[in-house]
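Here is how the chains run, residue by residue.
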Amino acid sequence: MSENKSNPVISFVFRFGLSAFLLWFIFGKIDFEQTFEILKNANLNYILLSCAIFMFLNGVLLFRWMLFIKALDLKTTWWEVARFFFIGLFCNLFLPTAIGGDAVKAIGLSRG
C-alpha cells in the first residue's frame, strides 16, 4: 500500500483559503448595527470580568510555557517568549488547526 502524501504548501493554502472563506461567510451574516446595539446595552461589568478572566488564564498559560522553556534550558528573554506566545494564540484562534499556534511558537523560538 502506498500512502498519498499531499504537498504541505498546497495543504496550507487550502486550509488558509478555507479559513478565509468561512470567516467571510460568517461575517457576512452578522448584522453589525444590531450587534453594536446589543453591546451598548450590555452590562459592562460582565464584559470587563470576561476580559480579566481571559487575560488571567492566558497569563497562567504563558507562565507554564515559560517553565517549559526554562526546563529545556533555552536561552531566550521573557519578552520573546511572551511575544511568540501571543502570536501563537492569535494563530490558534484564526487557523483551522489547534496546533498551528504551537508550531509558530516553536519555529519562532528556535530561530533565536
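Residues numbered from 1 in each chain as written. Predicted model: local features only at pLDDT ≥ 70, side-chain atom pairs only at ≥ 80, totals over all residues. Heavy atoms only, no water.

A. Broad picture of the pattern of salt bridges. Counted according to the given criterion, the structure contains 2 salt bridges. For E37, the salt bridge is made with K40, and the minimal N-O distance between the two is 3.5 Å. With E37 and K40 both in helix α2 (residues 32-41) and 3 residues apart, the pair spans about one turn of that helix. In this structure, K75 and D73 form a salt bridge, with 3.0 Å as the shortest nitrogen-oxygen distance. (Salt bridge = Lys/Arg side-chain N within 4 Å of Asp/Glu carboxyl O. Helix = DSSP H or I, 4+ residues; strand = E, 2+ residues; numbered from the N terminus.)

B. Representation of the packing of helix α3 (residues 44-71) against helix α4 (residues 78-94). Interaxial distance between α3 and α4 falls to 10 Å at its minimum, and their mutual angle equals 125 degrees. It follows from the interaxial angle that α3 and α4 lie oblique. Note that α3 runs across α4; the crossing there is right-handed. When α3 is examined against α4, the residues F54, N58, L61, L62, W65, M66 and I69 are found in contact with a partner set consisting of W78, V81, A82, F84, F85, F86 and L89. Taken together, the residues that form the contact of α3 with α4 break down as 13 nonpolar, 1 polar and no charged. (Axes fitted to C-alpha atoms, helices over the stretch in contact; angles between N-to-C directions. Parallel < 35°, antiparallel > 145°, perpendicular 65-115°, else oblique. Left-handed = near helix turned anticlockwise from the far one by under 90°. Contact = heavy atoms within 4.5 Å. Nonpolar A, V, L, I, M, F, W, Y, C, P; charged D, E, K, R; others polar.)

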